[in-house]
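Notes for the structure review
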Amino acid sequence: MIVIKTGRDLEAMRAACRVARAVLDEVAAAVAPGVTTQELDDYAAERIKHYNARSAFLGYRVGNLKYPCHTCISINEQVVHGLAGPRRIAFGDLVSIDVGVYYEGFVGDNARTVAAGGCTDPVAARLLEATETALQRGIAAALAGNRVKDISRAVQQHVESQGFSVVREFVGHGVGRHMHEEPQVPNFVEPGRPSPLLRPGMTLAIEPMVNAGKPGVKRLKDGWTVVTEDGSLSAHFEHTVLVTEGEPEILTCTNQTSFALKVS
Ligand code: MF3
Ligand code: CO
């Protein structure tokens, strides 16, 4: 069942997304060479608390594992779900920060990848650009009357046109009172697979995970960190988006005045 948000629930959803965005901005601004990923996660915990919110990731269960951090911090060949620890960020590292919070009973979820201190590797720069643009293309397809696969196709086509590949094992998702709701929002199209119709009031986390090399991924022994199988760089951008009667509303985009004017 896909939940349609209206009225007060939608206002709470907007508020949760504003908090998730604010925390992501703050943590992304703190990414710098020499900083440890634990310091970033501690800072995120402090900022989440400051907004009277709660991490949607801390304690999240998969099987009998519980996610141990407030955010996901995934560096270079790490795709998603990287764990905070003593690792020091180096100049040029691609650092993906994923922030999800509960606030007023709803979840806001967003992610961004930044190059620590600057980006001198042309492949890394193209990967960031391609992944962020793929997210924007996907959002632009989040129109009532379209299907989820129209989002998937827009993302996949842009990524592959740039010579990169989309991860298959992890997908975007509906988001609301729970972090993961229906429908799944894949970043690739499977011909013949039924795909739900988009309706006003649906809230979706659209999140391309893009590898510079092959699409394959594997999980590290820590049980969480997902890395590229071929060791190539990976990037991840995510917004929570509301399907409306008109243009999509990016809930994790503050001060959006028009889709055409949107900032990342
Ligand atoms: N944004 C991610 C997602 O949508 C983060 C989940 S991390 C987890 O799945 F640890 F909570 F699983
Ligand atoms: Co998500």
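Quick notes on the rules
Residues numbered from 1 in each chain as written. Chains lettered and ligands numbered in written order. Predicted model: local features only at pLDDT ≥ 70, side-chain atom pairs only at ≥ 80, totals over all residues. Heavy atoms only, no water. Buried < 20%, exposed > 50% of the residue type's maximum accessible area, 1.4 Å probe, protein only. Helix = DSSP H or I, 4+ residues; strand = E, 2+ residues; numbered from the N terminus. Pairing = 2+ DSSP bridges. pLDDT = per-residue confidence, 0-100. 1 Å grid on protein atoms, 1.4 Å probe; cavity = no way out; pocket = protein on both sides within 12 Å on 5 of 7 lines; lining within 4 Å. Points joined across faces, edges and corners; volume = space filled by probe spheres on them. Nonpolar A, V, L, I, M, F, W, Y, C, P; charged D, E, K, R; others polar. Near = heavy atom within 4 Å. Polar contact = N/O pair within 3.5 Å; in protein donor to acceptor, adjacent residues only side chain to side chain. Areas by Shrake-Rupley, 256 points an atom, 1.4 Å probe, with all protein chains shown as cover. Sits in = over half its atoms within 2 Å of the grid points. Core = buried A, V, L, I, M, F, W, Y, C linked by side-chain atoms within 4.5 Å. Axes fitted to C-alpha atoms, helices over the stretch in contact; angles between N-to-C directions.

1. Quick notes on the pairing of strand 7 (residues 106-115)
In summary, the side chains of a regular strand alternate between the two faces of the sheet. The element strand 7 is extensively covered by neighbouring structure, given that 8 of its 10 residues are classed as buried. Relative to strand 7, strand 6 (residues 94-103) runs antiparallel, the two being bridged by 10 bridges. By the bridge assignment for strand 7, valine 101 is matched with glycine 108. What sits between the antiparallel neighbours strand 6 and strand 7 is a turn of 2 residues, in which glutamate 104 has the positive phi angle 50°.

2. Regarding the confidence of the model for the chain
Per-residue pLDDT for the chain averages 96, and the proportion of residues at 70 or more is 96%. Confidence, expressed as mean pLDDT per element, reaches its minimum in the chain at strand 2 (residues 61-62) with 96 and its maximum at strand 12 (residues 209-211) with 99.

3. Quick look at unusual backbone geometry
The step from glutamate 182 to proline 183 runs through a cis peptide bond, and the omega angle for that step is 0°. Look at asparagine 52: it is not a glycine, yet its phi comes out positive at around 60°. For asparagine 52, the position within the fold is in the loop between helix 2 (37-50) and strand 1 (54-55). You will see that glutamate 104, though not glycine, has its phi angle at about 50°, which is positive. Position of glutamate 104 relative to the elements: it lies in the loop between strand 6 and strand 7.

4. Some points on the layout of surface pockets
A volume near 480 Å³ is recorded for the largest pocket. If you trace the largest pocket, you find 25 residues lining it, with Tyr60, His81, Phe170, Val171 and His180 closest to the centre. Taken together, the residues of the lining of the largest pocket break down into 11 nonpolar, 6 polar and 8 charged. Within this model, the second largest pocket holds a volume of roughly 220 Å³. Taken together, 15 residues make up the lining of the second largest pocket; nearest its centre are Val148, Pro186, Arg193, Pro194 and Ser195.

5. Description of the site of ligand 1
Taken together, 13 residues form the shell around ligand 1, and within it Tyr67, Asp98, His173, His180 and Glu207 come nearest. Aspartate 98 places a polar side-chain atom, nitrogen or oxygen, 2.7 Å from a nitrogen atom of ligand 1. Here glutamate 207 contributes a side-chain N or O atom positioned 3.0 Å from an oxygen atom of ligand 1. For ligand 1, whose free accessible area comes to 330 Å², the fraction covered by protein is 96%. Because more than half of its atoms lie within 2 Å of the grid, ligand 1 is assigned to the largest pocket.

6. Here we look at the nonpolar core
Within the largest apolar cluster, 38 residues are counted, with the highest numbers of intra-cluster contacts made by Leu40, Val95 and Ile97. Elements with a contribution of two residues or more to this core: helix 1 (7-30), helix 2, strand 4 (72-75), strand 6 and strand 7. Looking at this core element by element, the count peaks at 10 residues for helix 1. Judged by nonpolar contacts, the second largest core, of 31 residues, contains Val148, Leu204, Val210 and Val241.

7. As for the sheet that holds strand 17 (residues 249-250)
Pairing is antiparallel across the open sheet formed by 5 strands, whose spatial order is 10-9-11-16-17. The open sheet has two free edges, formed respectively by strand 10 (181-185) and strand 17, since each of these has just one partner strand. One ladder, built from 4 bridges, connects strand 11 (residues 203-206) with strand 16 (residues 239-242); its direction is antiparallel. The residue of strand 16 that forms the bridge with isoleucine 206 is histidine 239.

8. Some remarks on the sheet that holds strand 5 (residues 78-80)
On the basis of which strands lie adjacent, the open sheet formed by 3 strands has the order 5-14-13 and antiparallel pairing. Of all the strands in the sheet, just strand 5 and strand 13 (217-219) have a single pairing partner and so form its edges. Taking each pair of neighbouring strands and ignoring which way they run, the sheet shows an average axis angle of 40°. With 3 bridges joining them, strand 13 and strand 14 (residues 226-228) adopt antiparallel strand pairing. Looking across to strand 14, one finds that lysine 218 is bridged to valine 227.

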